[in-house]
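# Tertiary structure, described
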Amino acid sequence: MQRIEYSAEIAELLGRIRRRPAAGWPWRPGEPVPEWLPVKQSWGWLFAPDGRVLTLVNPKDGIVSLPGGSLEPEDAGDPGRALAREAAEEAQAVIGPAHYLGYLYDRVGSANNGHECARVRMAAVLRRVGPSLPDPASGRHYRRLLVAPGLAVELLGWGTPGLRQARAAVQAAVTRFGVPGVANEAIEELPVAGCEVFPGLG
């Protein structure tokens, strides 16, 4: 088994991670969202050239997330536009065009005032990140880690349903972005000053 490499600073951060309870929303891979079901959120698997994905860690509470969030009026109902905006706000990230993977069916509507809704999942290349800044909407200042998709599922606490989602994302990324099917296993924090990640593609 390959040893996962990471720095002492990242080890200290990972030691504080707290996983949210699994919500149990059914995953609908490749299915278009029905016209009657409102799309309320869009989250993304954002890939580096070596197959790793961007995860965000809130160092204050240890919660890990993928970039993304709720659709706002300026997104005009477009989940891809919402993902690009949220990735820029949360991670100062510039991404390529987003590829639709499927959606999670939120039957209790926790993101829609108690009414059922869809939470879309997408894949895109992570072109670059700018200097690290707090999210203007929440004030959260995320740490930006590149990790293998399977490890992202573990950090997120998504279990087997999350692995199915990750496999769909990897399959799309291999086909569309040319990333390897088996990702680099090292855990890397992106520089506070920003950097190029996957330039020239997407």
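Just so it is clear, the model here is predicted, and its values are computed rather than measured. (Residues numbered from 1 in each chain as written. Predicted model: local features only at pLDDT ≥ 70, side-chain atom pairs only at ≥ 80, totals over all residues. Heavy atoms only, no water.)

Another point: the overall build of the protein chain. Tallying secondary structure elements over the protein chain gives 4 helices and 11 strands in all. The globule rule puts the C-alpha radius of gyration for 202 residues at 17 Å, and the 16 Å found for the protein chain is close to it. Evaluated residue by residue, the protein chain yields a buried proportion of 47% over its 202 residues. For the protein chain, restricting intrachain contacts to residue pairs at least 6 apart in sequence, the fraction spanning at least 24 positions comes to 74%. Total accessible area on the protein chain stands at roughly 9,800 Å², and carbon and sulfur atoms take up 53% of it. Distance between charge centroids for the protein chain: 3 Å, based on 22 positive and 22 negative side chains. (Helix = DSSP H or I, 4+ residues; strand = E, 2+ residues; numbered from the N terminus. Rg over C-alpha atoms; globule rule 2.2 N^0.38 Å. Buried < 20%, exposed > 50% of the residue type's maximum accessible area, 1.4 Å probe, protein only. Contact = heavy atoms within 4.5 Å. Areas by Shrake-Rupley, 256 points an atom, 1.4 Å probe, with all protein chains shown as cover. Lys, Arg positive; Asp, Glu negative; His and termini not counted. Charge placed at Lys NZ, Arg CZ, Asp CG, Glu CD.)

With that settled, the discussion passes to the pairing of strand E2 (residues 39–47). Along E2, 7 of the 9 residues are buried, which leaves the element largely enclosed by surrounding structure. In the sheet, E2 pairs with strand E8 (residues 117–129) via 8 bridges, with the strands oriented parallel. Considered in E8, the bridge of tryptophan 43 is made with arginine 121. As paired strands, E2 and strand E5 (residues 68–70) are joined by 3 bridges and run antiparallel to one another. Following the sheet pairing, glutamine 41 is matched in E5 by serine 70. (Pairing = 2+ DSSP bridges.)

A word on the environment of alanine 11. One can find alanine 11 in helix H1 (residues 8–14). Residue alanine 11 is classed as partly exposed on the basis of its relative accessible area, which comes to 32%. A sequence separation of 179 residues divides alanine 11 from leucine 190, and the C-alpha atoms of the two residues are 15 Å apart.

Let us look at the side chain of arginine 52. The residue arginine 52 is located in the loop between E2 and strand E3 (53–57) in this model. Engagement of the side chain of arginine 52 in a polar contact is seen with the side chain of glutamate 188, the distance being 2.7 Å. Other than its neighbours up to four places away in sequence, arginine 52 contacts Leu46, Phe47, Leu146, Val147, Ala148, Ala183, Asn184, Ala186, Ile187 and Glu188. (Polar contact = N/O pair within 3.5 Å; in protein donor to acceptor, adjacent residues only side chain to side chain.)

A separate point is the nonpolar core. Core analysis: the biggest nonpolar cluster contains 31 residues, and Trp45, Phe47, Leu101, Leu145, Val147 and Phe177 have the highest contact counts within it. Taken together, the elements giving at least two residues each to this core come down to H1, E2, E3, strand E7 (99–106), E8, strand E9 (143–147), helix H3 (149–156) and helix H4 (159–177). Element by element, the count of residues in this core is highest for H4, at 7 residues. Leave out the neighbours within four places in its chain, and valine 147 touches Arg52, Val53, Thr55, Ala152, Leu155, Ala186 and Ile187. Counting 22 residues, the second largest nonpolar core, distinct from the first, contains Leu46, Ala93, Tyr103 and Val129. (Core = buried A, V, L, I, M, F, W, Y, C linked by side-chain atoms within 4.5 Å.)

On to H3. An α-helix turns once every 3.6 residues. As a result, residues three or four positions apart point the same way. Counting buried residues in H3 gives 6 out of 8 residues, a clear majority hidden from the surface. For H3, the set of buried residues is Pro149, Leu151, Ala152, Val153, Leu155 and Leu156. On its buried face, H3 sits against H1, E2, E3, strand E4 (64–65), E9 and H4. With its phi angle positive at about 75°, glycine 157 sits one or two positions after the end of H3.

Burial analysis of E9 places 5 of its 5 residues in the buried class, which makes it a mostly covered element. Side chains Arg143, Leu145 and Val147 project from E9 onto one buried face, and the interleaved Arg144 and Leu146 project onto a second face that is buried too. Judged from the 5 bridges that link them, E3 and E9 form a sheet pairing that is antiparallel. Across the sheet, threonine 55 pairs through a bridge with leucine 145, a residue of E9.

Between its first and last C-alpha atoms H4 spans 26 Å; for 19 residues at 1.5 Å apiece the expected length is 27 Å, and the two agree. The elements touched by buried residues of H4 are strand E1 (27–29), E2, E7, E8 and H3. Following H4 by one or two positions, glycine 178 has its phi on the positive side, about 75°. (Expected span 1.5 Å × (residues − 1).)

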